[in-house]
Amino acid sequence: AHRRLVDAVHEYGAKIQPVHHARADDKWLLKYMAEGYDYIFLGGMVPETTNYLRGWLDHIFSRYLTMKSGRPKIRIHGFGLTTLDLIKRYPWYSVDSTSWVLTGRFGSVYLDLPHKDLKVVFSSDSPKRKNFDEHYTTLDPITQKAVRNRIEELGYSVDLLQSHYGWRDHFNIAFFDRIQKRPDPVFILKEPSLF
C-alpha cells in the first residue's frame, strides 16, 4: 500500500514532506533529516501549553535544526502555531494558524508597538469594554494614545477597527505580514548562568 501511495504521489507531481510531532521521539526528526528532507513540518502543538512548547522547541531548534550561528539548517513549518512569542522566537520558514481571523472575529487586533506586541480589544460589542485595561476604551491614556498613533501610522482608524471584523481581519493579516518580513531570524539558546 505504501509503494502504491508513493507511486501515485510521483505520478501527480506531489511531494510528500514529513511531520514531526510534539512528544514524538527525536529519532524520527533525525531520520527525516538524514533522509535529506529540506522542509520538515512540526505538528501536534495545538493541545500543548506554551511552556511545554518553548522547552521542546528550544531543544529541537538548538540541538538539531539550527547551526551554531543560529541560522536554520532546513526549512521548518509550524502547524497551528498561535503564540506570538513562539512565532518570533524561532527561525521558522512558515507557520499557519487561525488566530488572526479568530482574534478579529472576537473583536481584537494584534498590534506591534516599538517595544512590545499587544492584543487590543476594539469591538464596541465586547463585554471587555467594561473592564479596566481590557479594551481600547479602558486603556490608560498614555497607552491608548500610543495605540491610536500606531494604528493611524499604519493607515487605519480606531473607528474602523471598532466597527467591523473585516477591518480587524485586514489589520491582523498586515500584522503577521510585518512579522514575516522581519530580518533573517536566528535562534541561539542562551544557557542560564549564575551571573
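Preceding this section is the structure that the text describes.
Read on for a plain summary of the structure. As the structure is a computational prediction, the values presented were derived from the model and not from experiment.

Attention now moves to the pairing of strand 6 (residues 116–121). Sheet analysis places strand 5 (residues 108–113) next to strand 6, joined by 6 bridges and oriented antiparallel. Following the sheet pairing, D112 is matched in strand 6 by D117.

Helix length check: helix 6 (residues 141–153), at 13 residues, gives a terminal C-alpha distance of 18 Å against a target of 18 Å (1.5 Å per residue), a fit within 8%. Inspection of helix 6 places Q144, V147, R150 and I151 among the buried residues, and these make up the whole buried set. The arc that holds every buried residue of helix 6, seen down its axis, measures 130°, which confines them to one face. Looking at helix 6, the residues exposed on the side facing more than 90 degrees away from the buried face are P141, I142 and E153. Looking at the buried side of helix 6, the elements it contacts are strand 5, strand 6, helix 7 (158–163) and helix 8 (165–180). For helix 6, the N-terminal capping position is held by D140, with its side-chain oxygen 3.2 Å away from the main-chain nitrogen of I142. Phi turns positive one or two residues past the end of helix 6, at G155, with a value near 90°.

Before going further, it helps to spend a moment on the environment of T83. Within the secondary structure, T83 is located in the loop between strand 3 (75–78) and helix 4 (84–89). T83 sits in the partly exposed class, given a relative accessible area of 24%. Sequence separation of T83 and S99 is 16 residues, and the distance between their C-alpha atoms is 8.8 Å.

In this fold, W100 is placed in helix 5 (residues 99–105). Take W100: its relative accessible area is 30%, and that puts it in the partly exposed class. When sequence neighbours within four positions are dropped, the list of residues in contact with W100 reads Y110, D169, N172, I173 and F176.

So, on to the pairing of strand 5. Burial analysis of strand 5 places 6 of its 6 residues in the buried class, the great majority of the element. What you see with strand 5 is no split at all: S108, Y110 and D112 on one side and V109, L111 and L113 on the other are buried throughout. Hairpin remark: strand 5 followed by strand 6, antiparallel, with 2 residues in the connecting loop.

Close contact between helix 2 (residues 26–34) and helix 3 (residues 50–65) brings their axes to 12 Å; oriented N to C, the two are set at 35°. Crossing angle aside, the handedness with which helix 2 passes helix 3 is right-handed. Contacts between helix 2 and helix 3 involve D26, L29, L30 and M33 from the first element and H59, I60, Y64 and L65 from the second. Of the residues assigned to the contact of helix 2 with helix 3, the class counts are 6 nonpolar, 1 polar and 1 charged.

Rules and cut-offs
Residues numbered from 1 in each chain as written. Predicted model: local features only at pLDDT ≥ 70, side-chain atom pairs only at ≥ 80, totals over all residues. Heavy atoms only, no water. Pairing = 2+ DSSP bridges. Helix = DSSP H or I, 4+ residues; strand = E, 2+ residues; numbered from the N terminus. Expected span 1.5 Å × (residues − 1). Buried < 20%, exposed > 50% of the residue type's maximum accessible area, 1.4 Å probe, protein only. Arc of directions from axis to C-beta. Contact = heavy atoms within 4.5 Å. Polar contact = N/O pair within 3.5 Å; in protein donor to acceptor, adjacent residues only side chain to side chain. Axes fitted to C-alpha atoms, helices over the stretch in contact; angles between N-to-C directions. Left-handed = near helix turned anticlockwise from the far one by under 90°. Nonpolar A, V, L, I, M, F, W, Y, C, P; charged D, E, K, R; others polar.

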